[in-house]
Amino acid sequence: MNVLGIESSCDETAAAIVRDGRILVSNVVNSQIDIHALYGGVVPEVAARSHIEVINPVINQALSDANMTWDDIDAIAVTYAPGLIGSLLVGTLAARTLALLKNKPLFPIHHVEAHVYANFLVEGVDGIWNMEGGKSQKQQPEFPMLALIVSGGHSQLVLFHDHGDYELLGQTQDDAVGEAFDKVAKILGLPYPGGPSVAKAALVGDPKRYVLPKAQLKCTHSGAHTGASRKAQASNGLNRTEKYGEGVAQVATSRIAQEVCHYYDFSFSGLKTAVLRAVQRETGVDFTFPSGELAARLNDVQRADFAASFQQIAVETLVDKAEKAFNDFSPKSVVIAGGVAANSELRRELSDRLPLHIDYAPMNLCTDNAAMIATLGYYYAQKHEPTSPYDLRVVPSLSMIKTTW
Ligand code: KG4
Ligand code: ZN
């Protein structure tokens, strides 16, 4: 089954073709980084306008790179949530129109869930997957699977029991980790997008030079935080089903048990503020000095040392919680997903501390792309009827907490 994926939820216009949820046939990503770099961040109206300009050429490119025509496409999968409303509308409108014109089944896909599915791509068209550092055979992750989802908008630990059957173990209480990378980059005067800039600067920095705090979240839950205890918490509540546009979302309020257990939660806002205060101290100005002018007072060595010190604590925070969850739930596989999953230090630390082999997805499939949308589209299509192109609606804010399929 060949699925055409379409992604336009933020600042990347992307289309890709994936066969049987495991073979990457083509993958086209048109990034708007250069446009938004002028403003230091994504401007929603500019993003939507740029999607309109390139969506059709990007889709045509995905077909021609795959050497396919519309006759070869069995289904269309498109991101409908979450994201910037104007951006989502462009991709979904293109997908709905094409589904009608070409008479193809249409499937709505949740962007954050899809990030996880980049890990299910294991083959190129030649049958071999291009792993970093050479070609090798990659395995699909096994269930139960622990997923650390780390992007510009999300930081979550999710335990997948099967396709479409997962529970949220923990999430950030404030900023997402990618957001913290982006904000720290601004404080340090490193270029947009912040994550890769901080990672690059950190390569030559001393991670021990500045001592920054690691957030410890308090949890009111009594007793152990084992799988059994969470299952007991889960069985105390109600499940209800809600309809979000066309996507039917199962709300498993109790399984999440957010109100009692923060054991696997994260917090990054304090770390970001600690960097700001440390930079103020280092440059000898007080809190009233404009933060936007701080960077000019740092030299390259200080900048690199701040980047490395911040990155080390951010990575340790993520890996500490992932390690706890791994020990408590004994998953058969661990995957990381989302833009921050491209961070080499995170990959190194996770592999060092977890006693299992982790097959990381290629860096270009961690940041936004449509291959992950097409991949999840395949598994979603095994369990669901297609959505009517006339009814599909976008849902700009739909957390993974509330969605299971
Ligand atoms: O998944 P993504 O492309 O878009 C969202 O859905 O948010 O993630 C973007 C985020 C940004 O915050 C970016 O700074 C961060 O991922 N990022 C990185 C790296 N590459 C991208 N953060 C740390 N290290 C990287 N190498
Ligand atoms: Zn994303």
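Residues numbered from 1 in each chain as written. Chains lettered and ligands numbered in written order. Predicted model: local features only at pLDDT ≥ 70, side-chain atom pairs only at ≥ 80, totals over all residues. Heavy atoms only, no water.

**Student:** Teacher, can you tell me more about the site of ligand 1 here?
**Tutor:** Of all residues adjacent to ligand 1, which total 17 residues, the nearest are H115, G152, D182, G195 and G339. G339 is positioned such that a nitrogen or oxygen atom in its backbone is 3.0 Å from an oxygen atom of ligand 1. Here ligand 1 loses 86% of its free accessible area of 550 Å² to cover by the protein chains. For the shell around ligand 1, the secondary-structure elements that each account for two or more residues are α4 (111-117), α5 (177-188) and α6 (194-202). For the shell around ligand 1, the element with the most residues is α5, which contributes three residues. By residue class, the composition of the shell around ligand 1 is four nonpolar, 11 polar and two charged. (Near = heavy atom within 4 Å. Polar contact = N/O pair within 3.5 Å; in protein donor to acceptor, adjacent residues only side chain to side chain. Areas by Shrake-Rupley, 256 points an atom, 1.4 Å probe, with all protein chains shown as cover. Helix = DSSP H or I, 4+ residues; strand = E, 2+ residues; numbered from the N terminus. Nonpolar A, V, L, I, M, F, W, Y, C, P; charged D, E, K, R; others polar.)

**Student:** Can you help me understand the coordination of the zinc ion (ligand 2) in this one?
**Tutor:** Tetrahedral coordination by four donors places them ideally at 109.5 degrees to one another around the metal; octahedral coordination by six donors ideally gives 90 or 180 degrees. Coordination sphere of the zinc ion (ligand 2), protein contribution only: H111 (NE2), H115 (NE2) and D368 (OD), at 2.0 to 2.1 Å. In the primary structure, the donors to the zinc ion (ligand 2) are separated according to the pattern H-x3-H-x252-D. You can see H115 sitting in helix α4 and its partner D368 sitting in the loop between α11 (344-353) and α12 (371-383), a full 253 residues away along the chain. Just as H115 is buried, D368 falls in that class too. (Donors = N, O, S within 2.8 Å, 3.2 Å for Na, K, Ca; no water. Buried < 20%, exposed > 50% of the residue type's maximum accessible area, 1.4 Å probe, protein only.)

**Student:** Whenever I open this one, the sheet that holds strand β6 (residues 123-124) confuses me. Can you help?
**Tutor:** The strands making up a sheet are joined through hydrogen bonds of the backbone, oriented either antiparallel or parallel. A sheet is described by the order of its strands in space; here six strands give the open sequence β5-β4-β1-β2-β3-β6, paired in mixed fashion. Only two strands of the sheet have a single partner each, and these edge strands are β5 (106-110) and β6. Both strand β1 (residues 2-7) and strand β4 (residues 75-81) contribute to a ladder of four bridges, which runs parallel. Across the sheet, residue V3 finds its bridge partner in β4, namely A75. Relative to β4, helix α3 (residues 85-102) is tilted by about 155°, and along the sheet it contacts β1, β4 and β5. (Pairing = 2+ DSSP bridges. Contact = heavy atoms within 4.5 Å. Axes fitted to C-alpha atoms, helices over the stretch in contact; angles between N-to-C directions.)

**Student:** Explain the side chain of H51 to me, please; I cannot follow it from the model alone.
**Tutor:** With respect to the helices and strands, the residue H51 is situated in helix α2 (residues 44-65). The exposure class of H51 is buried, given its relative accessible area of 0%. Other than its neighbours up to four places away in sequence, H51 contacts S8, C10, D11, E12, T13, Q32, S87 and V90.

**Student:** I tried to follow a negative patch on the surface on my own but got confused; where do I start?
**Tutor:** Taken together, the side chains of D20, D71, D72 and D74 define an acidic patch exposed on the protein surface. As for its placement among the helices and strands, D71 is situated in the loop between α2 and β4. (Patch = residues over 30% accessible without salt bridge, like charges linked within 9 Å, V, L, I, M, F, W, Y side chains within 5 Å. Salt bridge = Lys/Arg side-chain N within 4 Å of Asp/Glu carboxyl O. Lys, Arg positive; Asp, Glu negative; His and termini not counted. Charge placed at Lys NZ, Arg CZ, Asp CG, Glu CD.)

That is the geometry; function is a separate question.
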